[in-house]
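These are the residues of each chain, in order.
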Amino acid sequence: MKMIRAIVRPDAADAVSEALAEAGFFSMTQVHAFGRGKQKGISLGSIRYDELPKTMILMVAEDEDVEEIVKIVNYKAYTGNFGDGKVFVSPVEAAFTVRTGQPGL
């Protein structure tokens, strides 16, 4: 299993989550966040914005689904500009359902 953390523009979050659901990946958590990437924020005239609004989408998926999920996120979140986002993939040792105590997804 893998944990996928996709940090995207807020205006792309709905398109990403809808596309993931259409592909059969329904389970996710969305978190509103603020941050900056390599460009260290943006400047508009004399105003500097160090932290920009983002949406973080968190999912746990089977190993064989990771490539498809990352492909969907990249396709739906892409604008070609700085700040489109980042996807992180990490291993997950175990998952348990709180209600039933059952292991697995």
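Residues numbered from 1 in each chain as written. Predicted model: local features only at pLDDT ≥ 70, side-chain atom pairs only at ≥ 80, totals over all residues. Heavy atoms only, no water.

Per an unreviewed UniProt entry, the protein chain goes by Nitrogen regulatory protein P-II family and derives from Thiobaca trueperi. Word for word, the UniProt comment on the protein chain under Sequence similarities (unreviewed entry) is "Belongs to the P(II) protein family." Of the comments in the UniProt record for the protein chain, the one headed Function (unreviewed entry) reads "Could be involved in the regulation of nitrogen fixation." (UniProt positions renumbered as here; feature names shortened; annotations may be inferred.)

Chemist: Go over the overall build of the protein chain with me, naming the residues and quoting the values.
Modeler: When its secondary structure is counted, the protein chain shows two helices and six strands. Start at the N end of the protein chain and walk to the C end: the helices and strands fall as β-α-β-β-β-β-α-β. For the protein chain, the C-alpha atoms occupy an extent of roughly 55 × 25 × 20 Å along the three principal directions. Counting across all 105 residues of the protein chain, residues that qualify as buried make up 27%. The long-range share in the protein chain, meaning contacts at least 24 apart out of those at least 6 apart in sequence, stands at 72%. Here the protein chain displays about 7300 Å² of accessible surface, and carbon together with sulfur accounts for 54% of that area. (Helix = DSSP H or I, 4+ residues; strand = E, 2+ residues; numbered from the N terminus. Buried < 20%, exposed > 50% of the residue type's maximum accessible area, 1.4 Å probe, protein only. Contact = heavy atoms within 4.5 Å. Areas by Shrake-Rupley, 256 points an atom, 1.4 Å probe, with all protein chains shown as cover.)

Chemist: Could you give an account of the pairing of strand S1 (residues 2-8), naming the residues involved and the relevant values?
Modeler: Side-chain positions along a regular strand alternate between the two faces of the sheet. Strand direction decides the pairing type here: S1 and strand S5 (residues 52-61), joined by seven bridges, are antiparallel. Counted as the bridge partner of Ile 4 is Met 59 from S5. Here seven bridges tie S1 to strand S6 (residues 85-91), and the two strands are oriented antiparallel to one another. Residue pairing for S6: Val 8 is matched across the bridge by Gly 85. (Pairing = 2+ DSSP bridges.)

Chemist: Tell me about the environment of Glu 64, residues and numbers included.
Modeler: Residue position: Glu 64 is located in the loop between S5 and helix H2 (66-77). For Glu 64, a relative accessible area of 63% corresponds to the exposed category.

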